[in-house]
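Listed here are the chains, written in short residue letters.
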Amino acid sequence: MSDRRPGGGGAKKGGRGKDDNLDDLKQELDLDDHKIPIEELYARLGSDPNVGLTNARAKEILERDGPNSLSPPKTTPEWVKFCKNLFGGFALLLWIGAILCFVAYSIQASTFEDPSDDNLYLGSVLAAVVFVTGCFSYSQEAKSSKIMESFKNMVPQYAVVLRENQKLTLRAEDIVIGDIVEVKFGDRVPADLRIISAHGFKVDNSSLTGESEPQSRGPDCSSDNPLETRNLAFFSTNAVEGTARGIVIQTGDRTVMGRIANLASGLDTGETPIAKEIEHFIHLITGVAVFLGITFFFIALFLDYFWLDAVIFLIGIIVANVPEGLLATVTVCLTLTAKRMASKNCLVKNLEAVETLGSTSTICSDKTGTLTQNRMTVAHMWFDNEIIEADTTEDQSGAQYNKTSPGFVALARIAGLCNRAEFKPNQDNVPILKRETNGDASESALLKCIELAMGDVNGMRTRNKKIIEIPFNSTNKYQVSIHETEEIGRAHV
């Protein structure tokens, strides 16, 4: 079996510079997976649309190409972060002040038999203040960084994959080229896919191409340009309508989104407003201190002071103009604000970001899974011209209603059959409301409600086999499914 895919999970070839790699990424996307016949693509990737890859073959490809994830940008070593907090910005000015104090004390110690210890004490205090505040800032940022790293594994992305004729729910990182993947409304496309079949399937390509309207996707090739054709769905775009089945053609850094991410990773982040203000203040105070120090140095010489006394006078004026307490004050204020925000479940990654947040007028946030848990429960039902409170207890000992009513029976049949959600296997001993499901949150809530009230939804679906369906979409705002029934010659719509 021949394979044209490069190995190594997006690793760069040795001997090539960064500029060469950026030039490669800027080239037009050279791809023919959307143009060749689908049978040829199956043969090229060694996959079967009805069975999928074998676990052994998938493991082999995963070892060759690496995980299906974007390579993280280069991280700054911890010692560099620590040094930036210890010697960066205003701290550097204080270190210079401390060194000048020690220099002044050294001059006095070498000149006089009983020198004053004032400069020694001042230099020691300055060094201690800068060291303590630097360590404090580093520890705060390091703590936040560790928490942010843990968030990455808290809500991993999953996908439904066909392997060895079994539908498995796998982490998106474990998907490989040649996998057969099923995507439905609300999912994020886990890799670059060529669509095999689709039912009213549309994707949001706004993050990739800027198109605000959802784009229809189907098995037919409509353009030679991979970004314009209808039979490709791209990694990290969102499915907004319908369902589809596709074969993975690219993963990780080799996806279209991966190429864009690698191009964007070279951009430098700008300084925060408070960092710019502090830098401006440092330049200003340094200029004033040096100007005054040199001015009074020459005045001292003009007044016939000994040159060593004039140098000590120069150092004293420069150190006196440095606001020693400013760094500690700013750090403490920002830290206290960060702790107050942490008590409101708002994590601050960088102390300087606290001041930036203070000038923010509007914050845009995703709701589902961010402000909420992405879990829904049926609270009320409407049948027989009444609003009925649903029973959400495991033993059905809560709110009571007539479960033999023709209205409720029809409602339960619709909620159970016109529903794509499924319970994950091997959860028989888990309470129904706590079971994990494959499917949309609202459909999962309906499934659990009917499983509690009627029991054996899978049996209902087996007895009433689905023939065809029209998936839900935001235009029609309904979903239709047609089922065979146990009664010969009849069908439920």
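Look up: the structure comes first, before these words.
Residues numbered from 1 in each chain as written. Predicted model: local features only at pLDDT ≥ 70, side-chain atom pairs only at ≥ 80, totals over all residues. Heavy atoms only, no water.

Chemist: Lay out the packing of helix H13 (residues 406–417) against helix H14 (residues 441–453) with the relevant residues and their values.
Modeler: In the contact formed by H13 and H14, the axes pass within 9 Å of each other and the chain directions differ by 135°. The pairing of H13 with H14 is recorded here as oblique in orientation. Taken as a pair, H13 and H14 cross one another with a handedness that is left-handed. Contacts between H13 and H14 pair Phe408, Ala412, Ala415 and Gly416 from the former with Leu446, Ile450 and Ala453 from the latter. Tallied by class, residues from the contact of H13 with H14 come to six nonpolar, one polar and no charged. (Axes fitted to C-alpha atoms, helices over the stretch in contact; angles between N-to-C directions. Helix = DSSP H or I, 4+ residues; strand = E, 2+ residues; numbered from the N terminus. Parallel < 35°, antiparallel > 145°, perpendicular 65-115°, else oblique. Left-handed = near helix turned anticlockwise from the far one by under 90°. Contact = heavy atoms within 4.5 Å. Nonpolar A, V, L, I, M, F, W, Y, C, P; charged D, E, K, R; others polar.)

Chemist: Pulling in residues and values, what's your account of the side chain of Asn464?
Modeler: Along the chain, the position of Asn464 falls in the loop between helix H15 (457–463) and strand E12 (466–470). Exposure remark for Asn464: the relative accessible area of 9% places this residue in the buried category. Polar contacts involving the side chain of Asn464 include one to the main-chain carbonyl oxygen of Met460, which spans 2.8 Å. (Buried < 20%, exposed > 50% of the residue type's maximum accessible area, 1.4 Å probe, protein only. Polar contact = N/O pair within 3.5 Å; in protein donor to acceptor, adjacent residues only side chain to side chain.)

Chemist: Tell me about the pairing of strand E4 (residues 192–204), residues and numbers included.
Modeler: Inspection of the sheet shows E4 paired to strand E7 (residues 238–250) by ten bridges, in the antiparallel sense. Along E7, the bridge assignment pairs Ala198 with Ala244. Note that E4 and strand E6 (residues 232–233) share two bridges and pair antiparallel. Looking at E6, one finds that Arg194 is bridged to Leu232. (Pairing = 2+ DSSP bridges.)

Chemist: Could you give me a rundown of the pattern of salt bridges, with the residues and numbers involved?
Modeler: Summed over the entire model, instances satisfying the criterion amount to 13 salt bridges. In this structure, the salt-bridge partner of Asp179 is Arg163, at a minimum N-O distance of 2.7 Å. Taken together, the residues span a long stretch of sequence, with Asp179 in the loop between strand E2 (166–171) and strand E3 (180–184) and Arg163 in strand E1 (residues 158–163) at a distance of 16 residues. Across the pair Glu182 and Arg245 runs a salt bridge whose closest N-O atoms are separated by 2.9 Å. Of this pair, Glu182 sits in strand E3 while Arg245 is found in strand E7, placing the two residues 63 residues apart along the sequence. Using a relative accessible area of 23% as the deciding quantity, one classes Glu182 as partly exposed. One continuous salt-bridge network, built from bridges that share partners, spans Asp32, Asp33 and Arg44. (Salt bridge = Lys/Arg side-chain N within 4 Å of Asp/Glu carboxyl O.)

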